[in-house]
Amino acid sequence: MKSHSFILLSYQLSPLLMKTKLTRKEAQQSIDEFFRRKDFTAEECRKIKRLAMKFNIKLGSYRKFFCKECLSKLEGKIRINKIYKAVECKNCSYKNKFK
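First things first, this report covers the structure right here in the doc.

About the cut-offs
Residues numbered from 1 in each chain as written. Predicted model: local features only at pLDDT ≥ 70, side-chain atom pairs only at ≥ 80, totals over all residues. Heavy atoms only, no water. Pairing = 2+ DSSP bridges. Helix = DSSP H or I, 4+ residues; strand = E, 2+ residues; numbered from the N terminus. Polar contact = N/O pair within 3.5 Å; in protein donor to acceptor, adjacent residues only side chain to side chain. Contact = heavy atoms within 4.5 Å. Axes fitted to C-alpha atoms, helices over the stretch in contact; angles between N-to-C directions. Core = buried A, V, L, I, M, F, W, Y, C linked by side-chain atoms within 4.5 Å. Buried < 20%, exposed > 50% of the residue type's maximum accessible area, 1.4 Å probe, protein only.

### Concerning the pairing of strand β2 (residues 85–88)
Looking along a regular strand, one sees the side chains alternate between the two faces of the sheet. Summarising the sheet, strand β1 (residues 78–80) and β2 pair through three bridges and their orientation is antiparallel. Within the sheet, the bridge partner assigned to I80 lies in β2 and is K85. In this structure, β2 lies alongside strand β3 (residues 95–98), joined through four bridges in antiparallel fashion. Residue V87 lies in a different strand from β3, and its bridge partner there is N96. As consecutive antiparallel partners, β2 and β3 are separated by six residues, and within that stretch S93 has a phi angle of approximately 55°, a positive value.

Shown next, in the form of structure tokens:
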């Protein structure tokens, strides 16, 4: 009798335990919400970047908010040239260049 009740209970809970699939619009909304925040870690940035790659969403101007090398929030020395703007990362000292 115990096994039958366990099986019934597991069938009732299975939709609750399953992962929900994200649509492309929901992914875009979560990316927009993420970059509205002021503080984020490199790990969170990596997850958002992978989410964008999964749904083929272009990050566009959001790419200027994080370092290309270590994915931390981009802060540091800024140098402006005629062609591009270079920002040196505080954490890894990588020079990020933007046109």
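### Quick notes on the side chain of N96
Along the chain, N96 turns up in strand β3. For N96, the side chain forms a polar contact with the main-chain nitrogen of K68, separated by 2.9 Å. Non-local contacts of N96, meaning those with residues more than four positions away in its chain, are made with C67, K68, L74, K85, A86, V87 and C89.

### Digging into the sheet that holds β1
Adjacent strands of a sheet pair through backbone hydrogen bonds, lying either parallel or antiparallel. Reading across the sheet, the three strands line up as β1-β2-β3 and stay open at both edges, with antiparallel pairing between neighbours. Edge positions in the sheet fall to β1 and β3, since each of these pairs with one other strand and no more. If you compare each strand with its neighbour and ignore which way they point, the axes differ by 20° on average.

### Describing the nonpolar core
In terms of nonpolar packing, the biggest core is built from 14 residues, with I31, F35 and F66 touching the most fellow members. Setting aside residues no more than four positions away along its own chain, I31 makes contact with I48, L51, A52, I57, L59 and Y62. In this structure, C67, L74, C89 and F98 belong to the second largest nonpolar core, which totals five residues.

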